Amino acid sequence: MFLTNKIDKYKKTIIFLFFLILLSIGLSSVKDYGTTNDEYTQRLKGLITLNYVGNLFLPNITKKFKADKELPSFEDVPEQLRYYGGSIIHAPLAFFEVLLGIKDKKNVFLFKHYLFFLIYFLSLICFFEIIRKRFKSWKYGFLGVLVLFFTPRIFANSFYNNLDMPFMAFTIISVNFGIRLIENIKFKNIFLFSFFSAIAIDVRLMAILIPSIFSVTLFFNGIKKNNILSSLKIILILFLLTLLMTILFWPFLWDNPLTNLVNVFKNLANHPLDINTFYLGEILNVINIPWHYVFVWIFITTPIIYILTFFLGLSLFIKNTFQIVPSKINYIDIIFLLILFIPILIVILLGSTLYNGWRHLYFVYPFLVFFIVYGVYFFSDFKNFFKINIFLIILFLGLIDTAFWMTKNHPHQYVFFNRVIAKNAYKNFELDYMAASYKENLEYLIKNEDKKSYKIWNSSETKLFYPLFSLKDSERTKIIESEKNEAEYWITNYYFDRQSYNDEFLNNYELLNEIIVDGNKINSLFKKKLN
């Protein structure tokens, strides 16, 4: 008790140092991650949006900064990209790119990686607040943040995933302000909740669930307090503010807001992609993925101890709910359960297009983490202190083990699979689907093969064009993508690579460098042998 009181006395300092350490880990890691598949396209979309807004309000200044560069108009952008969200993230990033005069493309994307991580870091602070408030202890807040931070795939994606991770971050921030609104109904909280909900909606339309769920909560609170008219008024204000800010933050909607918004919904409902995914050892078209796809991906890419503790938390929540223990039931628990499972059910029931693992649903993961903390919190209510201590020790060791794995395999946490599948993951699932592994081997090539140019063949279905922006412009221009028979070098991340790397191949090529994680090859660089 004395020790606990002593620690609580310095809790503000401890909390500050805790987040300072996490921030330092993140900022020191940014440079280790390269440019990935989606980033170039989203940068272009940001520039197109910025150009549109600039021509609308400041045409002369826009013309001066644009100089001789030609950018397509909204009308010329393919529908699949035009109706896709993310402008609220990428237009401001494009503005800062121009304002700061960042020329080298590597530095452009590196700058964005820093900002992506900072957005994620701010969401960790909000997540801490949510957990601390719910379980009335800053120590449980620490636990929630540690589990979220030390989830390998989430950590790696926080630097370069330019839609799924900002969406997750703004979902957390929005929910934080939603809880503030429920607990203290005033215009400031309505505005902030609407503001961050609109940002989340502009990134991914699925975020409409957040204000919808909180509006239902406000409605039932009004019934409970016999003040339904006041609640309906608040819900109406919330709806109008969120709608207005959603349109304001999404310039594509401006010329015809309602029609364009309907088109966005149509695009979401019918988003056909003729691409394949590798799942359970089979190549499937993404429109034919089975119902269990999401559940399997979540299970195999989350540390086992987290999964087990989640099921403990979920079972204790069900037990507390059915036993109707008022002191153990909180509206936050129900909201988080809905945010966790409704999107998954929607995806399954509507047959929504999913690919590249479950990254499109990363935004539900913090709410899975919430039930991990829930499990620890209510398991600690049991009077068997021996079992409690054993459980906490196992969880602590699981966190350390995960952190050790992340350090050992840095910066390739994006191919984490738990021990159930890790050794045979390459036989059953996609690995480096975002081309994050190329950076290391491209840098190896530049550093160890001193030449004026490098003719290289990429045998993967991944386009080499995108990860080349991991290099400085002066280095990138030395890389010449060539046909197989003309190339001196061969690179692959094995993504739908149909080449057999057998003895016959190795008779003609020597291995220069390869990246292996848990026995799974994720990138290899070869050099043609001289005859």
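Going by the structure above, here's the rest.
The shown structure was predicted, so the numbers you read here are calculated from the model rather than taken from an experiment.

### Quick notes on the overall build of the chain
Secondary structure summary: the chain contains 23 helices and seven strands in total. By the compact-globule yardstick of 24 Å for 531 residues, the chain fits well, its C-alpha radius of gyration being 25 Å. Expressed as lengths along the three principal axes of its C-alpha atoms, the size of the chain is roughly 85 × 65 × 45 Å. Partitioning the intrachain contacts of the chain with sequence separation of at least 6 by distance along the chain shows that 76% fall at a separation of at least 24. A total of about 25500 Å² of accessible surface is found on the chain, and carbon and sulfur atoms cover 64% of it. Of the side-chain charges in the chain, 54 are positive and 40 negative, and the distance between the mean point of each set is 11 Å.

### Quick look at helix α2 (residues 11-29)
For α2, spanning 19 residues, the distance from its first C-alpha to its last is 27 Å, which sits close to the expected 27 Å at 1.5 Å a residue. Buried-residue contacts for α2 involve α7 (105-135), α8 (138-149) and α9 (152-160).

### Some remarks on the packing of aromatic side chains
Geometry of an aromatic ring pair is reported as the spacing of the ring centres plus the angle between the planes. Scanning the entire structure with this criterion turns up 70 aromatic pairs. When the ring centre of F417 is taken as origin, the NZ or CZ atom of R153, which lies over that ring, is 4.7 Å away.

### Brief notes about the side chain of N458
Relative to the helices and strands, N458 is located in strand β3 (residues 454-458). Within polar-contact distance, the side chain of N458 engages the side chain of Y438 at 2.7 Å. Of the polar contacts made by the side chain of N458, one reaches the backbone oxygen of T462; its length is 2.5 Å. Excluding residues within four positions of it along the chain, N458 makes contact with Y438, K463, L464, E481, I491 and T492.

### Points about the nonpolar core
Among the nonpolar cores identified, the biggest contains 144 residues, and F19, Y120, L148, V175, F336, Y365 and F417 are the most heavily contacted of them. The next biggest cluster of nonpolar side chains, apart from the first, holds 15 residues, and it includes Y438, L442, L468 and I479.

### Digging into the sheet that holds strand β4 (residues 479-481)
Judged by pairing direction, the sheet is mixed, and its five strands sit side by side in the order β4-β3-β5-β7-β6 without closing on themselves. Edge positions in the sheet fall to β4 and β6 (509-517), since each of these pairs with one other strand and no more. With direction set aside, neighbouring strand axes in the sheet form an average angle of 25°. With four bridges connecting them, strand β5 (residues 489-492) and strand β7 (residues 520-528) associate as antiparallel partners. Residue W490 lies in a different strand from β7, and its bridge partner there is F526. Most of the contacts of helix α21 (residues 438-448) go to β6, to which it runs at about 145°, and overall it touches β3, β4, β5, β6 and β7.

Calculation criteria
- Residues numbered from 1 in each chain as written.
- Predicted model: local features only at pLDDT ≥ 70, side-chain atom pairs only at ≥ 80, totals over all residues.
- Heavy atoms only, no water.
- Helix = DSSP H or I, 4+ residues; strand = E, 2+ residues; numbered from the N terminus.
- Rg over C-alpha atoms; globule rule 2.2 N^0.38 Å.
- Contact = heavy atoms within 4.5 Å.
- Areas by Shrake-Rupley, 256 points an atom, 1.4 Å probe, with all protein chains shown as cover.
- Lys, Arg positive; Asp, Glu negative; His and termini not counted.
- Charge placed at Lys NZ, Arg CZ, Asp CG, Glu CD.
- Expected span 1.5 Å × (residues − 1).
- Phe/Tyr/Trp six-rings, centres within 6.5 Å; stacked < 30°, edge-to-face > 60°.
- Lys NZ or Arg CZ within 6 Å of the ring centre and 35° of its normal.
- Polar contact = N/O pair within 3.5 Å; in protein donor to acceptor, adjacent residues only side chain to side chain.
- Core = buried A, V, L, I, M, F, W, Y, C linked by side-chain atoms within 4.5 Å.
- Buried < 20%, exposed > 50% of the residue type's maximum accessible area, 1.4 Å probe, protein only.
- Pairing = 2+ DSSP bridges.
- Axes fitted to C-alpha atoms, helices over the stretch in contact; angles between N-to-C directions.

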